[in-house]
Amino acid sequence: MTHKANLAETPPVRHQGLYLWMKSAVSIFLAFVLVLALGAQPIAVIGDSMNPTLLDGDQVIVRSIFYTPRRGDVIVFVRYAVQDGTPLVKRVIALAGDVVDINAATGTVYVNGTAIDEPYSSEHTTQAGNISYPFTVPPGYVFVLGDNRSPYGSLDSRHTMLGPVDEREIVGGVIAVASPLERARLMVR
């Protein structure tokens, strides 16, 4: 008995390149539609405050629909009084009701009395900023730090100029680095 290939399932060899291209284009289009449906949007990182995790000019994808901040998330928020509407990117260190303390002598950040592990940070936190510690995060706010903890590396919740971030200012959580391509990766925990 001779086995005949189903011609409807396998494209002819001469059209295989076009078939693969069309299949890729449809996949990319569907992924784009899915990203938009989830409320994701691209945002450019400006500045060095998130080095080494994110670099100046990185394009990140931010999920905004059904997003609730968690400790360790990288978020995007807008504070018009500080940056004239330019999106800021920082890491959530503590949530509403948490108590934050920074020991600048040892470079250790404490949340609720426990030292937190920060493998993402470029340096120890040797600058406590100008807020008073221990600091209790108010209801409806989060406490954020940049990953670049060098002196003057990040304007973040350690400084009264920014302070804690109102959850209503949060655009969303970073879920991926889209470009440059050599740095592209998912950031979902």
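The structure displayed is predicted, hence computed values, not measured ones.

Enquirer: Explain the pattern of salt bridges here, please?
Expert: If the charged atoms of two oppositely charged side chains come close together, the side chains can form a pair. According to the stated counting rule, one finds 8 salt bridges in the structure shown. A salt bridge links Arg183 to Asp58; the shortest N-O distance between them is 2.9 Å. Within this pair, whereas Arg183 is found in the loop between β11 (170–179) and β12 (185–186), its partner Asp58 is found in the loop between β1 (40–44) and β2 (59–63), the two being separated by 125 residues in sequence. One salt bridge connects Arg168 with Asp166, and the closest N-O pair in it is separated by 2.6 Å. For Arg168, a relative accessible area of 73% puts it in the exposed group.

Enquirer: Please clarify how the environment of Pro42 should be interpreted in this entry.
Expert: Among the structural elements, Pro42 can be located in strand β1. Pro42 sits in the exposed class, given a relative accessible area of 59%. For the pair Pro42 and Val60, spaced 18 residues apart in the sequence, the C-alpha separation amounts to 5.5 Å. Among residues more than four places away in sequence, those in contact with Pro42 are Gln59, Val60 and Ile61.

Parameters at a glance
Residues numbered from 1 in each chain as written. Predicted model: local features only at pLDDT ≥ 70, side-chain atom pairs only at ≥ 80, totals over all residues. Heavy atoms only, no water. Salt bridge = Lys/Arg side-chain N within 4 Å of Asp/Glu carboxyl O. Helix = DSSP H or I, 4+ residues; strand = E, 2+ residues; numbered from the N terminus. Buried < 20%, exposed > 50% of the residue type's maximum accessible area, 1.4 Å probe, protein only. Contact = heavy atoms within 4.5 Å.

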